Each structure stands twice: as structure tokens, then as C-alpha cells.
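# Overview (structure and organization)
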Amino acid sequence: MKTSLSCARLAVLPLALAAAFPSFAQTQLKDVVVTATRFAEPAASLPFGVSVISADEIQASGVNSVNEAVMKLLGVPGRLDTSGGNNYTLDLRGFGVTANSNQLVIVDGLRLNEADLSSAGLASIPIESVDKIEVLRGTGAVLYGEGATGGVIVVTTKAATAAQRVNSARLYGAAGSNGLQDLRASAVLASGGFSMDVSADDRRSDGHRQNFASSSDSLAATGQWSNAWLRLGARAGRNSMESGLPGALSAAAYAADPYQADPSRASSRTDHVSTKKENAGVFFEATLGSWQLAGDANQRSKELVSVNYASPYSYNVDASNYSLRARHEGKFGADANVFVIGYDDGAWDRTITQSTFTPVGTLATARSSAYYLKDDLTFASTGTRLSVGWRSEGMKKTEASSVTALDERQNAWDVGVSQPVTRNVTVYGRVGSSFRLANVDEFSFSTPGVPLKAQTSRDFELGARWKLAAGGVDVRWYRHDLTNEIGYDPTAFGPYGPYGANINFDPTQRQGLELEVKQALSPSLDVRLNAALRQATFTAGAYAGKDMALVPGQTIGARANWRPAPGHTLDGGVNWVAEQSPDFANACKMPSYATVDLRYAYQYRNAEFAVGVANLTDEKYYTQAYGCTAGVTTSIYPEPGRTVTASVRVKF
């Protein structure tokens, strides 16, 4: 009952905002254009929610990575990634431990998701190169395929937009708490139809815990040529990261000193990990009459070398993805019609190069091949947009040390409709299906003789989008009904006995309400609010009615950007995350937390001088924990306390 009442209150918030700022509803804004739909189009009539973060918002907030931007500007909960460095696992719609496997990350057409349990590694993207971040809320299965039930994070770099093709350069330097040193540089060289974009960064930190020092550097370059109807280009990049691995803490160790390495073992002071990533690709876009054509081919590699619990583990990954798609705009009488057809192909190989438990040379593979169709018909008389999409994807996955292999074809579909009800208010809805197969780490560590079935979901979304004169409001309700959800149960019978295995869960459900408000209250003050109510529960079986692990029930993110005088900017935000359980039985609770960030910047000619404080109140909290013993949360990964950063950015 409490959740229902809260949902009702959240749903009427737009009406309260209308009463508070009536003048803002009088003027229609120019539509925001998004590319998360794989071709650029206005967001106003989409039958689903998309959140957008601009490069200006990234700079004003002072965030250091894509995952920080999504967490702080959109209020999306994130958990500290145990693989080291500055990476976080984002959770768009309450998938908890398996969030990485139920949402996709795409950067300029390059798919970053791995076919094992490792994260997509958003921290490796040079933040200075990013033009915008789009978060497609809810299923993206028709357009992007397997593992998109929770949503898709689409990162578009400045080179990919082909905008502002003028000679320019930026330099950034920062120093701060925990020995932070951060250097970044980017440049655009343009002449006629040719241009070259280059960005680089180098970040070093002692970390907020013992044996948590890290260093990372990256370099990315894109060259392209374009004319009135054609754009051709090639891109390449590399990233390397090294980090200590201090391990998890017991409740007692966390209370005594949250910044120590795991005191129960000596190796926590020496364990470490390093990764090297490289990628290269080519792309094209062409306009031929009423047709738009686009395609890209990308390859990437990853080398990981680690020592954890004093045990070496290393592997190499080679992956590729290819895409070809076409969009046609036409008419059925007075009604507009847009038809999209596409083909995607992907390959992923992982080879073990060092391991205590797995033979060297063990190969794991994943292959996928898919085609999809999408049609959008907009009726001129009413403005109604009807959208229908379908995808068929064949997938094959193997792991050499396992007797199990997966070879299946799955289909996804969706039907959506959006309807303008006034000049500035649009309502929309969508129903569809999505899927994923177990990844190579999951099906190779399952109950012997019990193969993992494909996970499927029936997906629903209803929403209302209200354009204001200087902003907008979006309210969304969603539900995902999952069958055979794939996850790890620590009590299941596995390869080594009753000590845990990956299984198909009893039926589960995700549902919730999301509110997004973005508004200029005056020429000098912008505000942004993101709030969400979430339910992630087992709907049947032994855990029926229990919450899924590591899913907070409520989140709120509020942010303001104030420009009190020419050249002066004050940007700040508050993020609150409710309590959550680390276990399926909900016997333990991780406490709620709230963090406050503040940044002041002064612009003098072409230079910006800034100082920022993260976790201003020095909140002691953690976002990641795995264990529950006798009602006490264990296996805790603490977050940093108050940190201060001073920076200088110069534009040429």
C-alpha cells in the first residue's frame, strides 16, 4: 500500500509543477533529437522513454566518466565494480547482480558488452570525447538484440556527430584528494570535407583504500570525410588500466576502518589487475533520395592479467560486430511512414592464458546473427504514431571445459503507440518481448545435467511526456515479467556440490515508476530531477514475495546549475538511494545513503578554473556487498569519503 501511494504521488508531480510554473507550458520547444533508435529522429513522439545527457552538462557537473554521468545526472544507481579502477556497474531497471547481462552499452556502433560476467567498462571511454549519452529506457531487444531487457546506454562521441567541424583544441588538468592526477587533451583538425578528431587522457590515483591505487590512460582517433550526401570514416582507440584489488570487508572490519584492505588475508595487500584494450572500425552514412543507409564494422581486443587471492588468472578476448541498416521515409496518402530494416553480426572469443583452475588455452566463444524490421506510421489527422518492430537472432555459445553448449534462435517484438493530447503533452505506451541466453561463465558453472534455458521477458511501458517552454517532464510506468531468469543461487547444487550454481530462477518481475524533470527556472538557473520507485521480486517459488538482491526500492537524484554572474557557475546535486538486500532471503539490509556534490567554476576568457567536492558531507556508505551471515551484511566494498578536485580547462 505504501508503494502504491508513493506511485500515485509521483504520478501527479507534473500537475504540481504545472501549477508552480504555468508560464512554462505555453511555448513549444524544438524537439530533442536522439540516435539511440539507430537513426537520428525527434524524441517527442517516441513510444518509450529516452534520457539524454549533453556534453555541456557533463562539463558543468565535473564528472570523470560516463558511468559517473549516468549515476549523478540521471539518478541511476551504480555499484562499485570489483574489477578495480574507476568503473561502476549501472542498474537501469533493477536487475541487481546481473545488471551487466541485462542492459547493453554501445559506443559509436561498437558493442562493449562481453559474453562473460565481466562489465562493459564505461570508465575506459575518454570523457572529453563524449558529445552525448542517451539511455534508452526499457527493452531495446528489437533494435539491439540479446540482453537489452533493462535498456541500452548509447554513447555518441563528438566525432560521430560530425558537428562543429572546425579547428579546435582543449586541455584539461586536475589534482585532488587520494593523490589524484588527471590530464586530458582533445583536438579537431578540419579542412574542407575532411576532419580528424583526437582525444587522450591519463588518470592516476592512490585510491580511497589500501592497495586500491590505479592508473589508466587512453587514446582515441577518428578520421572522416563527408559531402552533402555521404560520410565515410575510420576510428581507432586504445586503453590501459592497472589497479590494486583490496577485496571485501567483514562488517567488523568495515566498522573499524572502511578504507583498509581485507585484513583476513595477506594477499589483499598485493592482489592486482591490469587490462589493455584496443579497438578499430570503419563506418559510412549515405542519403539516397528518401533512403538513409548506414553501416559499421568494428573489432576490439582485451588482455586481462590478474592476481586475486594470490591466484593468477589471465585471458585474451577478441570480438567483432558488424551492422548494416537502412531507413526509408515515405507517405501513405497524407500519413507519414518510416520503415527500417537492419542486419547485425557479432563474434566473441576468450582464450585463457593463465589460471589455477582452468587449463591454459581453454576457449569460450559466442556468435550471433540477426535481422530486424521496424515500421512507424504517423497519422496526419491525429498525430498518432503507431510503431511495430520484430527481430530474429540466432546465437551459439561454447566453452571448451564444459560439456554444455548453447545453440538457439530467439525472436523479439514490440508494438508501441504515442498520442499527442495537447500541443505540449504526449502519452505513449509499448508492449513487447525480449530475451537472453546464459553467458559462457553462467552455463559453464551450472547444476550438472540441468542445462540453462533461455531467459525471456514480456515487457510493458506507459508514459506521458510534457514539454515546457524551457524544459520538460517525463513520467513512465514499466513492468518486466521474466520467465527462466538466469542468475546465481549460492544455495544451489553446482559442479562442486551444494555450494552454489547458476540456475533458472522461478518467475520474477520488475516494475516501477520513473519521473524525469528538466527545467530552466530562470535564465541563470537550471534544475534536473530524477526519481524512481522500483520493485524487483520473485513472484513464485521458495522466495516468492522476496526482493531481488542489490536492488534499492527508491532513488532520487536532484541537480541544479546556477550562473549568478557572468563567468561564474555553481553546479551541485544530491543523490539518495534507499536500502537494499544483498541476499534473496532479505535477511540482511544495506543501509540507504545520500551523497552531495558541489562544483564552482570561473570562466576567464578561454580558460575555466574549477574546484569540486564529491560526497561533501563525508557520508560513510557502500554500494556493493555480497554476503549475509546471521542477519549481518558481509563482503562489503566501501565507497570513498569526501574528495576535493581542483581543475583547469583551456579551449583554443
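Please refer to the structure placed before this passage.
Residues numbered from 1 in each chain as written. Predicted model: local features only at pLDDT ≥ 70, side-chain atom pairs only at ≥ 80, totals over all residues. Heavy atoms only, no water.

## Observations regarding the sheet that holds strand β6 (residues 104-107)
Hydrogen bonding along the main chain pairs the strands of a sheet, whether they run parallel or antiparallel. One open sheet holds the five strands; their spatial order is β3-β8-β9-β6-β7, and the pairing between them is mixed. The open sheet has two edge strands with one neighbour each: β3 (50-54) and β7 (110-111). Bridge count for β6 against β7 is two bridges, and the pairing is antiparallel. Counterpart to Ile106 in the pairing with β7 is Arg111. (Pairing = 2+ DSSP bridges. Helix = DSSP H or I, 4+ residues; strand = E, 2+ residues; numbered from the N terminus.)

## Focus: the state of the cysteines
Scanning the entire structure with this criterion turns up one disulfide. Between Cys588 and Cys628 runs a disulfide, and the two sulfur atoms are separated by 2.1 Å. Taking the sign of the S-S torsion, about 80 degrees here, the bridge from Cys588 to Cys628 comes out right-handed. Of the two residues, Cys588 sits in the loop between β30 (568-577) and β31 (593-604) while Cys628 sits in strand β33 (residues 622-629), which places them 40 residues apart along the sequence. (Disulfide = S-S within 2.5 Å.)

## Focus on the pattern of salt bridges
Tallying each qualifying case throughout the model produces 46 salt bridges. Arg563 serves as the salt-bridge partner of Asp526, at 3.2 Å between the closest nitrogen and oxygen. Here Asp526 is found in strand β28 (residues 525-538), whereas its partner Arg563 is found in strand β29 (residues 554-565), with 37 residues between them in sequence. Assessed through its relative accessible area of 29%, Asp526 is described here as partly exposed. For Arg563, a relative accessible area of 27% gives the class partly exposed. (Salt bridge = Lys/Arg side-chain N within 4 Å of Asp/Glu carboxyl O. Buried < 20%, exposed > 50% of the residue type's maximum accessible area, 1.4 Å probe, protein only.)

## Some remarks on the environment of Ser129
Locating Ser129 in the fold gives a position in the loop between β7 and β8 (130-137). Linking Ser129 and Lys158, residues 29 residues apart in sequence, is a C-alpha distance of 5.9 Å. Within the structure, the side chain of Ser129 is placed 2.6 Å from the backbone oxygen of Pro126, a separation counted as a polar contact. (Polar contact = N/O pair within 3.5 Å; in protein donor to acceptor, adjacent residues only side chain to side chain.)

## Some points on unusual backbone geometry
The phi dihedral of Arg38 falls on the positive side, at around 80 degrees, and the residue is not glycine. Positioned with a positive phi, Asp108 is a non-glycine residue whose angle comes to about 50 degrees. As for its placement among the helices and strands, Asp108 is situated in the loop between β6 and β7. Residue class for Asp108 comes out buried when judged on its relative accessible area of 15%.

## What about the pairing of strand β32 (residues 607-614)?
Both β31 and β32 contribute to a ladder of seven bridges, which runs antiparallel. Of the residues in β32, the one forming a bridge with Tyr604 is Ala607. Hairpin remark: β31 followed by β32, antiparallel, with two residues in the connecting loop; positive phi at Arg605, about 55 degrees. Sheet analysis places β32 next to strand β35 (residues 643-651), joined by eight bridges and oriented antiparallel. Looking at β35, one finds that Val611 is bridged to Ala646.

Note that every value here comes from positions in space, so none of it alone points to a role or purpose.
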